[in-house]
Amino acid sequence: MSDPSWALGPFEREPAMGIRPAPELTFDCPVSGETVAWAAKDVFNPGAVVHEGRVHLLVRAEDAVGRYAGVSRIGLATSDDGIHFELEPEPVLHPDDDAWQAWEWPGGCEDPRVVEAPDGGFVCTYTAFDGKNGALFVATSPDLRQWTKHGPAFAGTRYAKSTSKSGAVLTEVVDGRLVAARRDGRYWMYWGEGTAAAASSTDLVRWEPVTYEAGRDRYLTFDPASPGFGLERVPGHHELRPLLFPRRGRFDSLLVEPGPPAVTTDDGIVLIYNGANHWEDGDPSLPAFSYQPGQALFDQQDPLSPIARTTEPMLRPEGDDEERGQVGNVCFAQGLVLHRDRWHLYYGMADSRIGCATAPVR
């Protein structure tokens, strides 16, 4: 089945691309006090941005000594052509002896996504993992190497300490690059795992999740002392507003999770997202629990209004690199750039390596 006209692509894999673990790279960890091979076990799930004509990837790398499948740190890889990359010797964003250590240790800093800010500099959303719970964090940088952590994306809201991840900021094409975009004077971000939600911000650092009023007469009380025994009105009670759900019989039947930053096009807002396949009610042509990316279209003037979704995945796990690894049968899209008149989509392969697929810009 061909992709709808609004979708990006079709994408084709770049066989020459493949960032792999680098056990020769070492780093003096400020938390453990030990020298660790920080990218020895797995390198995967990259964020991507173009800076000074080169593609920069923020990659998630794991050592082989952490309790939770290795401590995750974020490294920087650069490339002229977007295919052949060099991974810099030390991580650029990692657990440190700082105010956020309790949130980031011993699990680490996971799954970065990065966008260019309209006034310059860069914003990274990532998951801070303490070994039990993950929280969506924000960091900013002028050059992609020196980063300032700002802590929880939802600080100041009741969701600050809730489990959260996968922040994909809305962008638009400016001078051939993807730059964070405003709608109605605010920036927008898709986020979540299971269902996809949204949040908005005035500064790309502090975010307010989008909620809806769940209803004033849906909350029962069984306290006989209550004046309204049996029914309690709770005005102003809000819940997260879900935008995308799993679909029975499809590649995204188990869960949906935002991928790279969303892109404004002539047709609307295109969000590449990742779907997992249900073991019983999923797509029978895909392995159970497999991950593969699809696309969703939102109204250009209303980032909260989904219009359409693809019914088939953009990529299906195939070959040893995608079928075998830390987690088998995974193509997890997380980075997207425009480079040399082509889309470059970067994705984690089996939670162990990094692949790339490209497509012409229509």
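Our structure's up above, just so we're on the same page.
Residues numbered from 1 in each chain as written. Predicted model: local features only at pLDDT ≥ 70, side-chain atom pairs only at ≥ 80, totals over all residues. Heavy atoms only, no water.

### Some words on the overall build of the chain
Here is step 1 of the chain: Broken down by element type, the chain carries two helices and 27 strands.
Here is step 2 of the chain: Relative to a compact globule of 362 residues, whose C-alpha radius of gyration would be 21 Å, the chain shows 20 Å and is just as compact.
Here is step 3 of the chain: Counting across all 362 residues of the chain, residues that qualify as buried make up 56%.
Here is step 4 of the chain: Considering only intrachain contacts with a sequence separation of at least 6, the fraction spanning at least 24 residues in the chain is 57%.
Here is step 5 of the chain: Carbon and sulfur atoms make up 47% of the accessible area of the chain, which totals about 15300 Å².
Here is step 6 of the chain: If the 33 positive side-chain charges of the chain are averaged to one point and the 53 negative ones to another, these points end up 4 Å apart. (Helix = DSSP H or I, 4+ residues; strand = E, 2+ residues; numbered from the N terminus. Rg over C-alpha atoms; globule rule 2.2 N^0.38 Å. Buried < 20%, exposed > 50% of the residue type's maximum accessible area, 1.4 Å probe, protein only. Contact = heavy atoms within 4.5 Å. Areas by Shrake-Rupley, 256 points an atom, 1.4 Å probe, with all protein chains shown as cover. Lys, Arg positive; Asp, Glu negative; His and termini not counted. Charge placed at Lys NZ, Arg CZ, Asp CG, Glu CD.)

### A look at the packing of aromatic side chains
Here is step 1 of the chain: If you walk through the whole model with that rule in mind, you get nine aromatic pairs.
Here is step 2 of the chain: Ring geometry for tryptophan 100 against phenylalanine 137: centres 5.6 Å apart, planes inclined by 85 degrees, an arrangement best described as edge-to-face. Of this pair, tryptophan 100 sits in the loop between strand E7 (86–87) and helix H1 (101–104) while phenylalanine 137 sits in strand E10 (residues 134–141); the two residues are 37 residues apart in sequence, bridging distant segments of the chain.
Here is step 3 of the chain: An aromatic cluster is defined as three or more aromatic residues linked by ring pairs; in this entry it consists of Trp100, Trp103, Tyr126 and Phe137. (Phe/Tyr/Trp six-rings, centres within 6.5 Å; stacked < 30°, edge-to-face > 60°.)

### Points about the pattern of salt bridges
Here is step 1 of the chain: Applying the stated rule across the entire model yields 24 salt bridges.
Here is step 2 of the chain: A salt bridge links glutamate 62 to arginine 60; the shortest N-O distance between them is 3.1 Å. Accessibility classification places glutamate 62 together with arginine 60 in one group, the buried group.
Here is step 3 of the chain: Of the charged contacts, one joins lysine 149 and aspartate 98 as a salt bridge, the two residues approaching to 3.0 Å between their closest N and O atoms. You can see lysine 149 sitting in strand E11 (residues 148–152) and its partner aspartate 98 sitting in the loop between E7 and H1, a full 51 residues away along the chain.
Here is step 4 of the chain: Here the salt bridges do not stand alone but share partners, grouping Lys41, Asp42, Arg60, Glu62, Glu110 and Asp111 into one network. (Salt bridge = Lys/Arg side-chain N within 4 Å of Asp/Glu carboxyl O.)

### A closer look at unusual backbone geometry
Here is step 1 of the chain: Between glycine 9 and proline 10 the backbone carries a cis peptide bond, its omega angle lying at 10 degrees.
Here is step 2 of the chain: Structurally, the position occupied by proline 10 is in the segment before strand E1 (12–13).
Here is step 3 of the chain: Of note, the bond from tryptophan 105 into proline 106 is cis; its omega dihedral lies within 30 degrees of zero at 10 degrees.
Here is step 4 of the chain: One non-glycine residue with positive phi stands out, namely aspartate 111, at about 50 degrees.
Here is step 5 of the chain: Tracing the chain through its elements places aspartate 111 in strand E8 (residues 108–116).
Here is step 6 of the chain: Looking at aspartate 111, the relative accessible area reads 6%, which means it is buried.

### Considering the pairing of strand E27 (residues 353–360)
Here is step 1 of the chain: Counting buried positions along E27 yields seven of eight residues, so the element is predominantly enclosed.
Here is step 2 of the chain: Across two bridges, E1 lies against E27 in antiparallel orientation. From the neighbouring strand, glutamate 12 faces E27, where its bridge partner is threonine 358.
Here is step 3 of the chain: Of the strand pairs in this sheet, strand E26 (residues 342–349) and E27 are connected by eight bridges, and their pairing is antiparallel. Its bridge partner lying in E27, tyrosine 346 is registered against cysteine 356.
Here is step 4 of the chain: Linking two consecutive strands that pair antiparallel, namely E26 and E27, is a turn of three residues; a positive phi of about 55 degrees is found at alanine 350 within it. (Pairing = 2+ DSSP bridges.)

### Things to note about the sheet that holds E1
Here is step 1 of the chain: If you walk across this open sheet you meet the four strands as E1-E27-E26-E25, and the pairing is antiparallel. Both edges of this open sheet fall to E1 and strand E25 (331–339), since each of them pairs with a single strand only.

### Some points on the environment of valine 36
Here is step 1 of the chain: Along the chain, valine 36 turns up in strand E3 (residues 35–36).
Here is step 2 of the chain: Look at valine 36 and you get buried, because its relative accessible area is 6%.
Here is step 3 of the chain: Note: C-alpha distance between valine 36 and aspartate 63 (27 residues apart in sequence) is 7.0 Å.
Here is step 4 of the chain: The contacts of valine 36, once residues within four sequence positions are left out, are Leu25, Thr26, Phe27, Cys29, Asp63, Val65 and Arg73.

### Regarding the side chain of threonine 125
Here is step 1 of the chain: When you line up the elements, threonine 125 lands in strand E9 (residues 122–129).
Here is step 2 of the chain: A polar atom in the side chain of threonine 125 sits 2.7 Å from the backbone oxygen of glycine 167.
Here is step 3 of the chain: With sequence-adjacent residues up to four places away left out, threonine 125 is seen in contact with Asp111, Pro112, Arg113, Leu136, Phe137, Val138, Gly167 and Met189. (Polar contact = N/O pair within 3.5 Å; in protein donor to acceptor, adjacent residues only side chain to side chain.)

### Describing the environment of valine 327
Here is step 1 of the chain: Looking at the element boundaries, valine 327 is found in the loop between helix H2 (319–323) and E25.
Here is step 2 of the chain: The sequence separation of valine 327 and serine 290 amounts to 37 residues, and the corresponding C-alpha distance is 9.1 Å.
Here is step 3 of the chain: Contact partners of valine 327, with chain neighbours within four places excluded, come to Ala350 and Asp351.

### A few points about the nonpolar core
Here is step 1 of the chain: Counting 24 residues, the largest nonpolar core has Met17, Ile19, Trp38, Leu57, Phe85, Leu87 and Tyr346 as the members making the most contacts within it.
Here is step 2 of the chain: Elements with a contribution of two residues or more to this core: strand E4 (42–51), strand E5 (54–62) and E27.
Here is step 3 of the chain: Per-element accounting of this core gives the leading share, four residues, to E5.
Here is step 4 of the chain: When near neighbours in sequence (up to four residues on either side) are disregarded, leucine 87 contacts Ala22, Leu25, Trp38, Ala39, Val59, Gly75, Leu76 and Ala77. (Core = buried A, V, L, I, M, F, W, Y, C linked by side-chain atoms within 4.5 Å.)

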